[in-house]
Amino acid sequence: MTDKKDEKINYDIIIVGGGPAGLCAAMYSGRGMLDALVIERGLPGGELLNTELIEDYPGFESILGRDLAEKMADHAKKFGANIVTDTVDAIERKEDGEFEVRTQLNKVYHAPTVIITAGGTPIKLGVPGEAEYAGRGVSYCAVCDGAFFKGDTIAVIGGGDAALEEAGYLTRYAEKVYLIHRRDEFRGSALLQQRAFNNPKIEVIRSKVVEAIEGGPSGTTNLKLKDTKTGEMSDLPVTGVFIFIGFTPNSGLIKEHFEHDEGGYIVTDWNMMTSIPGLFAAGDLRVQLTRQITTAVGDATTAVIAVEKYLAERKESKAASPLGTA
Ligand code: NAP
């Protein structure tokens, strides 16, 4: 198939998502002389653009999320990254081993390898004030934002492993952490429950839901809580609220069976390859211990090196095959 100059559709590698993992994959692809396309639905940067200040990326003691995003995008472009703004609808591997990547702008791109770095989305409470105070007291990442709440009184919402674990983590910084759960029983593991309940800085509030997040020019100041049994309303003054009520990995783009865990997170081997040959995954949508900017770029680095090997092997086996197919 020949591309028209302005309608190039064939690449060595298609990178789905332009967050830290996608931009790092683009930078390494460029350095490896691979012909790569990055498809990102918004501005390059992904979750960096939802993070006010970053203090845990080596080499940058403190940098605005949007500034780091711009630096990563510029770095990738310097090595020739081709970034298009479009939304991927479907990734599908064809019988000949080539992938078809379909987008909302009705484009169909082709490549023998795809790295999916489409991240995931923290589930939102959907209450008044949540969007308004995002980054000004409302957070979905304890490791990213915990240090901004030194000596403060804050709240954690949720009753799963993430809420229990992150409440404990946040006591390193906060003077007091209210752990607010909508039921009496926690679904998180017994061990994490025990740890949280025994932590003197954590006070558990059961059977209450957040009805609104309130604040002022300085950020979050108060939570309006409702008792799920009595309907009674109450106020809880806090300067921060960390919401851990689940996370949805954007893995639904893959239109065939792939190995994943019960939450939809993609299982990869140590080369970041999924159970579909030629399809690699990097960053937040992969099954792993933690989800950080540093782990996302680490995944992406491994994935691109593995892609290079995969492409070389594919070329060799194609050359060796009498039909010229692999
Ligand atoms: P999760 O297990 O799905 O728990 C979500 C929690 O949020 C539940 O307690 C749920 O309440 C609550 N919730 C959901 N919607 C809510 C709403 N609108 N308002 C208030 N509360 C709401 O999610 P997760 O804690 O993020 O964990 C996801 C997966 O990662 C799990 O498989 C977990 O085991 C794993 N994980 C493991 C570790 C670890 O092992 N160290 C750490 C983090 C995560 P209900 O219980 O009433 O439904």
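The sections below set out a description of the structure shown in this document. (Residues numbered from 1 in each chain as written. Predicted model: local features only at pLDDT ≥ 70, side-chain atom pairs only at ≥ 80, totals over all residues. Heavy atoms only, no water.)

**Points about the site of the ligand**
Here is step 1 of the chain: The environment of the ligand is formed by 15 residues, the closest being Asp-161, Ala-162, Arg-182, Arg-183 and Arg-187.
Here is step 2 of the chain: Within the backbone of Gly-159, one N or O atom sits 3.0 Å away from an oxygen atom of the ligand.
Here is step 3 of the chain: A distance of 3.0 Å is found between an oxygen atom of the ligand and a backbone nitrogen or oxygen belonging to Ala-162.
Here is step 4 of the chain: Contact with the protein chains covers 65% of the free accessible surface of the ligand, which is 910 Å².
Here is step 5 of the chain: Considering only residue class, the shell around the ligand consists of four nonpolar, five polar and six charged. (Near = heavy atom within 4 Å. Polar contact = N/O pair within 3.5 Å; in protein donor to acceptor, adjacent residues only side chain to side chain. Areas by Shrake-Rupley, 256 points an atom, 1.4 Å probe, with all protein chains shown as cover. Nonpolar A, V, L, I, M, F, W, Y, C, P; charged D, E, K, R; others polar.)

**As for the packing of helix H4 (residues 161-170) against helix H5 (residues 190-198)**
Any two packed helices are characterised by how steeply their axes cross, that is the angle between the axes, and by the distance between the axes.
Here is step 1 of the chain: With their axes 9 Å apart at the nearest point, H4 and H5 run at an angle of 35 degrees to one another. For H4 against H5, the interelement crossing comes out left-handed. Along its contact with H4, which presents Asp-161, Leu-164 and Glu-165, the element H5 presents Leu-192, Gln-193, Ala-196 and Phe-197.
Here is step 2 of the chain: Each residue belonging to the contact of H4 with H5 can be placed in one class, and the counts come to four nonpolar, one polar and two charged. (Axes fitted to C-alpha atoms, helices over the stretch in contact; angles between N-to-C directions. Helix = DSSP H or I, 4+ residues; strand = E, 2+ residues; numbered from the N terminus. Left-handed = near helix turned anticlockwise from the far one by under 90°. Contact = heavy atoms within 4.5 Å.)

**Points about the sheet that holds strand S17 (residues 233-237)**
Here is step 1 of the chain: Read across the sheet, three strands follow the order S15-S16-S17 without closing on themselves; strand pairing throughout is antiparallel. Only two strands of the sheet have a single partner each, and these edge strands are strand S15 (208-216) and S17. Within this sheet the neighbouring strands show an average axis-to-axis angle of 25 degrees, counted without direction.
Here is step 2 of the chain: Two elements, strand S16 (residues 219-227) and S17, share five bridges in a ladder whose sense is antiparallel. Each bridged residue has a counterpart across the sheet, and for Leu-223 the counterpart in S17 is Leu-236. (Pairing = 2+ DSSP bridges.)

**A look at the sheet that holds strand S18 (residues 240-243)**
Here is step 1 of the chain: Ordered in space as S11-S18-S12-S13-S14, the five strands form an open sheet in which the pairing is parallel. Two strands in the sheet have a free side with no partner beyond their single neighbour: strand S11 (138-139) and strand S14 (202-205).
Here is step 2 of the chain: Note that strand S12 (residues 153-157) and S18 share four bridges and pair parallel. Bridge pairing in S18 links Val-156 to Phe-242.

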